[in-house]
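# Coordinate analysis (summary)
Listed below, chain by chain, are the residues.
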Amino acid sequence: AVSARGGPPIVVAHSLGGRVAATAAASVGKHWRGVVLVDSALGPTAVVNALGDSASIPAASAYESAAVALQRFRLRPSQPNSLPYVVDHIAQTSLRETERGWEWKFDPKTRLRGEGITAETLGRIKCDVMLVRAENGRVAKNAGEWLSSSVGRPVPVVEIPLAYHHV
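Quick notes on the rules
Within each chain, residues carry numbers counting from 1 in the order of the written sequence. Where totals are concerned, whole chains, interfaces and linings use all residues; where local detail is concerned, this predicted model gives features only for residues with pLDDT of at least 70, and gives and counts side-chain atom pairs only at 80 or more. The basis for every side-chain value is the complete set of non-hydrogen atoms in the structure, without hydrogens or water. Pairing between strands is defined by DSSP: at least two bridges between the two strands are required. The helix count covers DSSP runs of H or I at least four residues long, the strand count covers runs of E at least two residues long, and both are numbered beginning at the N terminus. Helix axes use the C-alpha atoms of the stretch in contact, all axes being lines fitted to C-alpha atoms, and the angles between their N-to-C directions lie in the range 0 to 180 degrees. Contacts between residues were defined by any pair of non-hydrogen atoms, one from each residue, lying within 4.5 Å. Note on classification: 1.4 Å probe, protein chains only; a residue is buried when its accessible area is under 20% of the maximum for its type, exposed when over 50%, partly exposed between these limits. Any two of the Phe, Tyr and Trp rings considered here, Trp counted by its six-membered ring, make a pair once their centres fall within 6.5 Å; the pair's planes then place it as stacked at under 30 degrees, edge-to-face at over 60, or tilted in between. Salt bridge, as used here, is a side-chain nitrogen of Lys or Arg placed within 4 Å of a carboxyl oxygen of Asp or Glu. To estimate how far a helix should reach, multiply one less than its number of residues by 1.5 Å. Put plainly, a pocket is an open set of points on a 1 Å grid over the protein atoms alone with protein on both sides within 12 Å along at least five of seven lines, a cavity is a set where a 1.4 Å probe fits but cannot get out, and a lining residue has an atom within 4 Å of a point. Grid points are joined across faces, edges and corners, and a volume is the space filled by probe spheres set on the points. Nonpolar residues are Ala, Val, Leu, Ile, Met, Phe, Trp, Tyr, Cys and Pro. Charged residues are Asp, Glu, Lys and Arg, and all others, Gly as well, are polar. Among buried residues, the Ala, Val, Leu, Ile, Met, Phe, Trp, Tyr and Cys ones that are joined through side-chain atoms within 4.5 Å form a nonpolar core.

### With respect to the sheet that holds strand β5 (residues 128-136)
- Spatially, β1-β2-β5-β6 is the arrangement adopted by the 4 strands of the open sheet, whose pairing is parallel. One side of each edge strand has no neighbouring strand; the edge strands of this open sheet are β1 (10-14) and β6 (157-164). Each strand of the sheet is rotated relative to its neighbour by a mean of 20 degrees, with strand direction disregarded.
- The strands touched by helix α1 (residues 16-28) are β1 and β2 (34-38); relative to β1, the strand with the most contacts, the crossing angle is about 145 degrees.

### Quick look at the environment of His-166
- Position of His-166 relative to the elements: it lies in the segment after β6.
- Using a relative accessible area of 23% as the deciding quantity, one classes His-166 as partly exposed.
- Once residues within four sequence positions are removed from consideration, His-166 is found in contact with His-14, Leu-75, Arg-76, Pro-77 and Gln-79.

### Let's talk about the packing of aromatic side chains
- Using the criterion set out here, one finds 2 aromatic pairs in the structure.
- Measuring from ring centre to ring centre gives 6.3 Å for Tyr-63 and Trp-104, while their planes differ by 70 degrees; the resulting arrangement is edge-to-face. Here Trp-104 lies in strand β4 (residues 101-104) and Tyr-63 lies in the loop between β2 and α2 (66-72), a separation of 41 residues in the sequence. Taken individually, Tyr-63 and Trp-104 each receive the classification buried, so the pair is uniform in this respect.

### Thoughts on the pattern of salt bridges
- Summed over the entire model, instances satisfying the criterion amount to 4 salt bridges.
- With a closest N to O distance of 2.1 Å, Asp-128 and Arg-33 form a salt bridge. A residue pair is termed long-range when its members are at least 10 positions apart, and Asp-128 in strand β5 and Arg-33 in the loop between α1 and β2 qualify at 95 residues.
- The exposure class of Asp-128 is partly exposed, given its relative accessible area of 40%.
- A relative accessible area of 47% means that Arg-33 is categorised as partly exposed.

### A short note on α1
- Helix length check: α1, at 13 residues, gives a terminal C-alpha distance of 18 Å against a target of 18 Å (1.5 Å per residue), a fit within 8%.
- Against the buried residues of α1 lie β1, β2 and α4 (119-122).

### Quick word on the layout of surface pockets
- Of the voids in this model, the second largest pocket is the one considered here, and its volume is about 180 Å³.
- Lining the second largest pocket, in full, are Leu-75, Gln-79, Asn-81, Ser-82, Leu-83, Val-86, Val-87, Ile-90, Ala-163, Tyr-164, His-166 and Val-167.
- Among the secondary structure elements, those contributing two or more residues to the lining of the second largest pocket are α3 (84-93) and β6.
- Sort the elements by how many residues they give to the lining of the second largest pocket and α3 lands first, with 3 residues.
- Broken down by class, the residue content of the lining of the second largest pocket amounts to 8 nonpolar, 4 polar and no charged.

### With respect to the nonpolar core
- Counting residues in each nonpolar core, the largest one holds 20 residues, and the members touching the most others are Val-35, Leu-122, Ile-125, Val-129 and Leu-147.
- Elements that contribute at least two residues to this core include exactly α1, β2, β5 and α5 (143-151).
- No other element matches the 4 residues that α1 contributes to this core.
- Ignoring any residue separated from it by four or fewer positions in sequence, one finds Leu-122 in contact with Ala-22, Leu-42, Ile-117, Trp-146, Leu-147, Ser-150 and Val-151.

Geometry only, nothing functional implied.
Written out as structure tokens, the structure is:
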């Protein structure tokens, strides 16, 4: 991808996508202008807020119709302030029809457990890094300090007040 101005891209990634983007930035990020991590829990549990159902991703299921699958869609972790039209859009664009029926596009093999990305991996990131933190999200207040220490330079942190994980 190339930015609108023709230079290197800035990659923006949310949640689990932040782990993927940070890992990619550690290997190919020298070709990027930067990476923006949006409520992405990267490090040790000390910098990740525990939100109960956040890790309870269901096993891959196939549904008989898109309508049945859409009735089952829930944000994980749940949150009290979702915009229904946004949730509907996410649900509708998160489905695909397969030979088995209608399935969610996520790959259940991407369920990550344990401590997340290591400081060593983050230390290999050469492009700019920014963290966007939801006030009530998965990323703890001290995550910016840990991320800056791991990357080896200051990482700007923007907190979105009153926001939950699904900013």
